[in-house]
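# Working through the structure, step by step
Spelled out, the chains give:
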Amino acid sequence: MAYIEWNDSLVVGHAKIDADHKKLVALVCRLYDAMQAGKGSAVCAQILGDLIAYTKSHFEMEEALMAAAGYAGLAEHKAQHAKLVHDVMDFKQRLDSGSAALTIALFKFLKDWLSNHILGSDRKLVEALRGK
Ligand code: FEO
């Protein structure tokens, strides 16, 4: 069973942002499945690397949208993105060096972060882009 499921409650109503979020959820599931299947740390590190790369490109896209729209919450939203990238890259370094392992706690963190950020900051952004 998937650890986190894409569902309509996560839809913010912006085609590109929603498509990216769906892909991010799928990557978290891929990582979870790899961990559950007992795949080696090299495989998990590769998937985590893909997740980080996709997350960065998604954040850049949103930040470009915010900048283009003159969004007042840009700095705060960007800081949330930067903190997540920093935390996950820090974790990957520890995974690569063998001083950390994938745990349910990491998935809980990713699931909570994604849900809270999408339903809070991203939804607010899309509402602003729509001129609400
Ligand atoms: Fe969809 Fe602000 O990340």
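The coordinates are above.
All of the points below concern the structure found in this document.

Reading the values: the criteria
Residues numbered from 1 in each chain as written. Predicted model: local features only at pLDDT ≥ 70, side-chain atom pairs only at ≥ 80, totals over all residues. Heavy atoms only, no water. 1 Å grid on protein atoms, 1.4 Å probe; cavity = no way out; pocket = protein on both sides within 12 Å on 5 of 7 lines; lining within 4 Å. Points joined across faces, edges and corners; volume = space filled by probe spheres on them. Helix = DSSP H or I, 4+ residues; strand = E, 2+ residues; numbered from the N terminus. Nonpolar A, V, L, I, M, F, W, Y, C, P; charged D, E, K, R; others polar.

What follows deals with empty space enclosed by the protein. Across all of its chains, the model carries two cavities of 30 Å³ or more by this definition. Space inside the largest cavity adds up to approximately 130 Å³. Taken together, L24, V28, L51, I52, T55, F59, L84, V85, V88, L110, W113 and L114 make up the lining of the largest cavity. Elements that contribute at least two residues to the lining of the largest cavity include exactly α1 (15–36), α2 (41–69), α3 (74–96) and α4 (104–129). Looking at the lining of the largest cavity element by element, the count peaks at four residues for α2. Residue classes in the lining of the largest cavity are distributed as eleven nonpolar, one polar and no charged. Roughly 40 Å³ of internal volume is contained in the second largest cavity. Every residue along the wall of the second largest cavity is listed here: H21, L24, H58, F59, E62, H81, W113, L114, H117, I118 and D122. Among the secondary structure elements, those contributing two or more residues to the lining of the second largest cavity are α1, α2 and α4.

Spatial relationships are all this shows, so hold off on functional conclusions.
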